[in-house]
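Here are the chains, one letter per residue:
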Amino acid sequence: MNRLSIVLLAVLSLMMVSCKEKKTPTVIIAPKPVEEVKNDPSRMQEINQDMNVDWIGKTYQVVIRRVSDESLPMVKDENGNKYYDNVITLSVIRPDGSEFFSRTFKKTDFSSYLDDKTRNNGALLGIVLDRAEGDNLVFAASVGSPDRLSDEFIPLVLTLSRMGDVNIKKDTALDTTSDRPEVEEDDGV
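The rules behind the values
- Residues numbered from 1 in each chain as written.
- Predicted model: local features only at pLDDT ≥ 70, side-chain atom pairs only at ≥ 80, totals over all residues.
- Heavy atoms only, no water.
- Helix = DSSP H or I, 4+ residues; strand = E, 2+ residues; numbered from the N terminus.
- Pairing = 2+ DSSP bridges.
- Axes fitted to C-alpha atoms, helices over the stretch in contact; angles between N-to-C directions.
- Salt bridge = Lys/Arg side-chain N within 4 Å of Asp/Glu carboxyl O.
- Buried < 20%, exposed > 50% of the residue type's maximum accessible area, 1.4 Å probe, protein only.

Enquirer: I'd like a description of the environment of Pro146, backed by residues and values.
Expert: Looking at the element boundaries, Pro146 is found in the loop between strand 8 (136-144) and strand 9 (153-161). Along the primary structure Pro146 and Tyr84 are separated by 62 residues, whereas in three dimensions their C-alpha atoms are 8.7 Å apart.

The following block contains the structure:
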């Protein structure tokens, strides 16, 4: 037993010595990466939409394309980040495949409905088909902050008649599917 006691005592001594050793920490503290301020202008995402709409007794195809345009003046979001402004091409194709209407819109087409801040720093955000109503196709349009997380924009109504005439109005109703008794500032374009 004497030998067994010595072996146990030696093992206990080693365990105590190893527990008393100070372990070096493996945690490495690194500084948080700092995001660099972008000096290059950003581009909003391109949009390509093709949809069919029943209008004046037939099915027409509506094609909407949004792209950045480097030839237009730069715009800025609320944080001062620069963006290229957009152009939006709206085309309406007849059932036989021929083109009924095609026009490329810029922010300047809507400038008479914009406040100074939006006119100078806002981007043409979008045009989307809302509904066919009688002899007209009704579109919702918007100009505002180019930051996709922002909710700052001016809503507009763009109406295309069966004769190809475009009419733009400021939209004071927020829901694009509701009746529009609150539309003001009529202007043919």
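Enquirer: Break down the sheet that holds strand 2 (residues 58-68) for me, citing the residues and quoting the values.
Expert: The four strands lie next to each other as 1-2-5-6, forming an open sheet whose pairing is antiparallel. Of all the strands in the sheet, the pair left with one neighbour each is strand 1 (47-55) and strand 6 (99-105). Looking at each pair of strands side by side, their axes are set apart by 15° on average, direction ignored. Two elements, strand 1 and strand 2, share nine bridges in a ladder whose sense is antiparallel. The residue of strand 2 that forms the bridge with Asn48 is Arg65.

Enquirer: I'd like to hear about the pattern of salt bridges, residue by residue, with values.
Expert: Scanning the entire structure with this criterion turns up nine salt bridges. We note a salt bridge from Asp85 to Lys107, for which the minimum N-O separation is 3.7 Å. You can see Asp85 sitting in the loop between strand 4 (82-83) and strand 5 (86-93) and its partner Lys107 sitting in the loop between strand 6 and helix 2 (116-121), a full 22 residues away along the chain. Judged by relative accessible area, which is 3%, Asp85 ranks as buried. Classification of Lys107 as buried rests on a relative accessible area of 11%. Measuring nitrogen to oxygen at the nearest pair gives 2.6 Å for the salt bridge that ties Asp116 to Arg119. Of this pair, Asp116 and Arg119 both sit in helix 2, separated by three residues, roughly a single helical turn. Through salt bridges that share partners, Asp130, Arg131 and Glu133 make up one connected network.

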